[in-house]
Amino acid sequence: MKEKKKSKSQILRLTLILFLVSALTSGVLGYTNSLTADRIKEQKQQATAKAYNEVLPFEGDYVEVTEFDKASFPTVDTISKAGEEGYVVEMTFSGAQGNITAVVGVDSSHKATGVSVISHSETPSLGARITEEGFRAKFVGAEEGTALKNAGGTIEAITSATISSQAIVDSVNTAIAAVVALG
Amino acid sequence: MSIKKQFRDGLIDNNPVLVQRLGLCSTMAITTTLFNGIGMGISVLIILTCCNVVISAMRKIIPNDIRIAIFVVVIAGFVTIVDLLLQAFVPALSASLGVFIPLIVVNCIIIGRAEAFCQNEPVIPSFFDGIFQGIGYTVTLVLMCIVRELLGNGSFGGGLLDVSQGALRLTLDGSGSGIQVFSSEYAATILIMPFGGFLTLAVLLAAMQFALRKADEKKEKALRAAKVLVDEEVAA
């Protein structure tokens, strides 16, 4: 390219072209977003609904409990009442790699009825195995004070994924404690 | 440039990962299960092809001074579209690839091809360049996934295949746990971790260099042999 001082009109031209390209791209993005937004929302709701039903099967509606002690249980997002069956607690807490969002079902006698992970970013084949049925099944019937085997408890941790396993153990304990605190 | 030559370039002679060494970050980060590898490979292939076509079509009106800025805007646009579509239609893939889909914006394969190829070439060769380079990337990812998953976890086809009640099933939602070739207790777990990514990639790069050199030597030998033959004929 020739070495030449850029004139005002040339700068204006470059700005205009970049502006037009950006504007066009934004338009296309806006259109895609309007097409997919509903579906993405639906997918997320479906995933959550499925998780709720998995941890505490209930025919009716899960009614969100608005009054709980958020200050004592900072990781708890929502607590929903499943009629007389018990409660489903939705939580976001940190795992080994990033945030984990999970739901824990707690029955009326304050025992865990199941755990389901909605989203996580743990290492595949290691921490990501917290989503496997075999690991989650160990928490069915767990009471407050559940611990991993190396801490004197009964839950066997996933090999090479103690932090992720511990995060789930903690979340179950928190869920039970939060429900007990409801009275 | 013929399509056949472009195909060979993308897959072997000028493979984006193993020869040009572009996009190494995602290559090491996501190749832990076959499902992730294929998903990421196809996402990049689609984005790369779209970007190549659009950039090549606009190559006459993109001023040289701001070409990089325009490339980035176009690439970011397509990446976001694919990200939204994945979230809407393949949520499992979107969940397991996580941040690596938005990060395709800064994947140097795409901007690299825009710089090196599309800004000087017509639309049709650019289209094929996108597809073949994308296939080259996908094949490399798949190779790494197979090695790392097998040695690191003792399984094959994680997320994509599922064996239940003795029947092999294709799971497109990433729920399958793969075929367990041997118990994961005996696997070298370190290969699944980021370190294993470096190790596997290094071995693949070395193997590729070896193969390319061997091919070069063979070609040279053949050339020399032909020359000797000609010389002899001349002498006779």
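Residues numbered from 1 in each chain as written. Chains lettered and ligands numbered in written order. Predicted model: local features only at pLDDT ≥ 70, side-chain atom pairs only at ≥ 80, totals over all residues.

**Student:** What exactly am I supposed to notice about the overall build of chain B here?
**Tutor:** Within chain B one finds eight helices and four strands. Ordering the α and β elements of chain B from the N terminus gives α-α-α-α-α-α-α-β-β-β-β-α. If you line up chain B on its principal axes, its C-alpha atoms span 75 × 50 × 30 Å. Per-residue burial for chain B yields a buried fraction of 39% across its 236 residues. Once local pairs closer than 6 in sequence are excluded, the contacts in chain B between residues at least 24 apart make up 76%. (Helix = DSSP H or I, 4+ residues; strand = E, 2+ residues; numbered from the N terminus. Buried ≥ 20, exposed ≤ 12 C-beta atoms within 10 Å, placed from the backbone. Contact = placed C-beta atoms within 7 Å.)

**Student:** Sorry if this is basic, but what is going on with the overall build of chain A here?
**Tutor:** Within chain A, the regular secondary structure consists of three helices and five strands. Reading the helices (α) and strands (β) of chain A from amino to carboxyl end gives α-β-β-β-β-β-α-α. The C-alpha atoms of chain A give a radius of gyration of 24 Å, which is well past the 16 Å a tight globule of 183 residues would have. Taken along its principal axes, the extent of the C-alpha atoms in chain A is 80 × 40 × 30 Å. Residue burial in chain A is summarised as follows: out of 183 residues, 32% are buried. Put simply, of all contacts in chain A between residues at least 6 apart along the chain, 55% involve residues at least 24 apart. (Rg over C-alpha atoms; globule rule 2.2 N^0.38 Å.)

**Student:** Would you mind going over unusual backbone geometry with me for this structure?
**Tutor:** All names here are of chain A. Backbone geometry places Ser-160, a non-glycine residue, at a positive phi of 60 degrees. You can see Ser-160 is positioned in the loop between α2 (133–136) and α3 (162–182). Classification of Ser-160 by C-beta neighbours within 10 Å gives partly exposed; the count is 18.

**Student:** Honestly, the nonpolar core in this entry has me stumped. Any pointers?
**Tutor:** In globular proteins that are soluble, nonpolar side chains generally tend to be buried together. Residue and element names in this part refer to chain B. Membership of the largest hydrophobic core comes to 41 residues, with the highest contact counts inside it found for Ile-47, Cys-51, Val-74 and Phe-78. For this core, the elements supplying multiple residues, two or more each, are α3 (34–57), α4 (67–89), α5 (91–97), α6 (108–118) and α7 (123–153). Residues in contact with Ile-47, not counting those within four places in the same chain, are Phe-78, Val-79, Val-82, Ile-104 and Ile-110. (Core = buried A, V, L, I, M, F, W, Y, C linked by C-beta atoms within 7 Å.)

**Student:** Which parts of the structure should I look at to understand the sheet that holds strand β1 (residues 63–65) of chain A?
**Tutor:** Adjacent strands of a sheet pair through backbone hydrogen bonds, lying either parallel or antiparallel. All names here are of chain A. Read from one edge of the open sheet, five strands run β1-β2-β3-β4-β5, paired in antiparallel fashion. The open sheet terminates on both sides in strands that have one partner only, identified here as β1 and β5 (112–119). Pairwise comparison of adjacent strand axes, ignoring direction, gives a mean angle of 25 degrees for this sheet. For strand β4 (residues 99–107) and β5, the ladder comprises six bridges, and the chain directions are antiparallel. Paired with Val-106 across the strands is Ala-112, a residue of β5. Against the sheet, helix α1 (residues 8–55) contacts β3 (86–94), β4 and β5, and its axis sits at roughly 160 degrees relative to β5. Sheet strands in contact with α3 are β1, β2 (76–82), β3, β4 and β5, and its direction is about 135 degrees off that of β3. (Pairing = 2+ DSSP bridges. Axes fitted to C-alpha atoms, helices over the stretch in contact; angles between N-to-C directions.)

**Student:** Would you mind showing me how to read the packing of α6 of chain B against α7 of chain B here?
**Tutor:** Pairs of packed helices are described in terms of their axes, by the angle between the two and the distance that separates them. All names here are of chain B. It is at 11 Å that the axes of α6 and α7 come closest, and there the two elements cross at 140 degrees. In this structure, the crossing between α6 and α7 has a hand that is right-handed. On the side of α6, the interface is formed by Ile-109, Arg-113, Phe-117 and Cys-118, while α7 contributes Ser-126, Asp-129, Gln-133 and Tyr-137. By residue class, the composition of the contact of α6 with α7 is four nonpolar, two polar and two charged. (Left-handed = near helix turned anticlockwise from the far one by under 90°. Nonpolar A, V, L, I, M, F, W, Y, C, P; charged D, E, K, R; others polar.)

**Student:** It is not clear to me how the interface of chain B and chain A should be interpreted in this structure. Could you clarify?
**Tutor:** It is common to give the size of an interface as the accessible area that goes away when the parts come together. Listed by partner, the interface residues are 28 residues for chain B and 23 residues for chain A. Residue assignment for the side of chain B that touches chain A shows that the elements contributing at least two residues are α4, α5 and α7 of chain B. Here the side of chain B that touches chain A gets 11 residues from one element, more than from any other, and that element is α4 of chain B. Residue composition of the side of chain B that touches chain A, grouped by class: 14 nonpolar, 13 polar and one charged.

**Student:** Can you help me understand the packing of α3 of chain B against α6 of chain B in this one?
**Tutor:** Residue and element names in this part refer to chain B. Interaxial distance between α3 and α6 falls to 10 Å at its minimum, and their mutual angle equals 35 degrees. The hand of the α3/α6 crossing is right-handed. For the pair α3 and α6, contact is made by Val-44, Ile-47, Leu-48, Cys-51, Asn-52, Ile-55 and Ser-56 and by Ile-109, Ile-110, Arg-113, Ala-114 and Cys-118, respectively. Across the contact of α3 with α6, the residue classes break down as nine nonpolar, two polar and one charged.

**Student:** Where do I start with the pairing of β2 of chain A in this structure?
**Tutor:** Note on strand geometry: in a regular strand, side chains alternate between the two faces of the sheet. All names here are of chain A. Of the strand pairs in this sheet, β1 and β2 are connected by three bridges, and their pairing is antiparallel. The residue of β2 that forms the bridge with Val-63 is Lys-81. In sequence, β2 turns back onto β3 through a hairpin of three residues, with Gly-83 there showing a positive phi of about 55 degrees.

**Student:** Looking at this structure, how should I read the environment of Ala-187 of chain B?
**Tutor:** Residues and elements named next belong to chain B. Note that Ala-187 resides in the loop between β4 (179–180) and α8 (194–235). Sequence spacing of Ala-187 and Leu-150 is 37 residues, and the spatial spacing of their C-alpha atoms is 7.9 Å. When sequence neighbours within four positions are dropped, the list of residues in contact with Ala-187 reads Leu-151, Gly-152, Asn-153 and Gly-154.

Note that every value here comes from positions in space, so none of it alone points to a role or purpose.
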